[in-house]
Amino acid sequence: MAAVSEGARNDLYNGLSEVLGRERAETLMSYLPRYDPAAVATHSDIDELRREIAGLRAELKGEIAEMRTVTSSQAAALLSLQRTLITGFIAMFAAMAGIFVAVL
């Protein structure tokens with residue numbers, strides 16, 4: 001669809017005003033937005049956006065991989081801490097059982 005010039009818009013408004021009246025012509029023209037060439041995306045705009053999206057996608061994949069690595073090492077550290085705590089509790093209960101048996 002070709003852009004409508006201001007002259008053509010004005011001509012349309014004048015014709016509508018003659019047929020419909022000024023108020024109705026203004027109402028109808030309000031539904032026909034002006035063409036703003038600066039608001040139209042070009043092929044180069046779209047290509048640039050695609051490159052930015054590809055870069056963001058690669059960056060996101062890298063961050064996800066890094067988070068998986070951190071999460072895995074944190075899980076391993078937690079398991080190690082859990083084993084240490086369990087071993088300590090067992091030793092503590094064994095010592096308490098020994099004291100209890102000694103007291104009886």
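Keep in mind the model is a prediction, meaning the values are calculated, not measured.

(A) Structural detail: a nonpolar patch on the surface. There is a patch of nonpolar side chains on the surface, built from Leu-78, Leu-81, Leu-85, Phe-89, Met-92, Phe-93 and Met-96 and spanning about 730 Å² of accessible area. Looking at the secondary structure, you find Met-96 in helix H3 (residues 43–103).

(B) Seen up close, the packing of helix H1 (residues 6–20) against helix H2 (residues 22–30). Orientation of H1 relative to H2, taken along the N-to-C sense of each, is 140°, at an axis distance of 7 Å. By the angle class used here, H1 and H2 are oblique. In terms of crossing hand, the pair formed by H1 and H2 is right-handed. Contacts between H1 and H2 involve Arg-9, Leu-12, Tyr-13, Leu-16, Ser-17 and Leu-20 from the first element and Arg-22, Arg-24, Ala-25, Glu-26, Leu-28 and Met-29 from the second.

(C) Local environment of the side chain of Arg-9. By the element assignment, Arg-9 lies in helix H1. We note that Arg-9 is buried and unpaired, the nearest opposite charge coming from Glu-6 at a distance of 4.1 Å. Residue contacts for Arg-9: discarding those within four places in its chain leaves Val-4, Met-29, Leu-32, Pro-33 and Arg-34.

(D) Looking closely at the pattern of salt bridges. The full count for this structure, using the stated rule, is two salt bridges. Here Glu-26 makes a salt bridge to Arg-22, at a shortest N to O gap of 3.1 Å. Note that Glu-26 and Arg-22 are positioned in helix H2 at a spacing of four residues, about one turn of the helix. Of the residues examined, Glu-26 reaches a relative accessible area of 37% and is grouped as partly exposed. Notably, a salt bridge pairs Arg-50 with Asp-47, separated by 3.6 Å at the nearest N-O pair. On the criterion of helical spacing, the pair formed by Arg-50 and Asp-47 is a turn pair, its members being three residues apart in helix H3.

Rules behind the numbers
Residues numbered from 1 in each chain as written. Predicted model: local features only at pLDDT ≥ 70, side-chain atom pairs only at ≥ 80, totals over all residues. Heavy atoms only, no water. Patch = residues over 30% accessible without salt bridge, like charges linked within 9 Å, V, L, I, M, F, W, Y side chains within 5 Å. Areas by Shrake-Rupley, 256 points an atom, 1.4 Å probe, with all protein chains shown as cover. Salt bridge = Lys/Arg side-chain N within 4 Å of Asp/Glu carboxyl O. Helix = DSSP H or I, 4+ residues; strand = E, 2+ residues; numbered from the N terminus. Axes fitted to C-alpha atoms, helices over the stretch in contact; angles between N-to-C directions. Parallel < 35°, antiparallel > 145°, perpendicular 65-115°, else oblique. Left-handed = near helix turned anticlockwise from the far one by under 90°. Contact = heavy atoms within 4.5 Å. Buried < 20%, exposed > 50% of the residue type's maximum accessible area, 1.4 Å probe, protein only. Lys, Arg positive; Asp, Glu negative; His and termini not counted.

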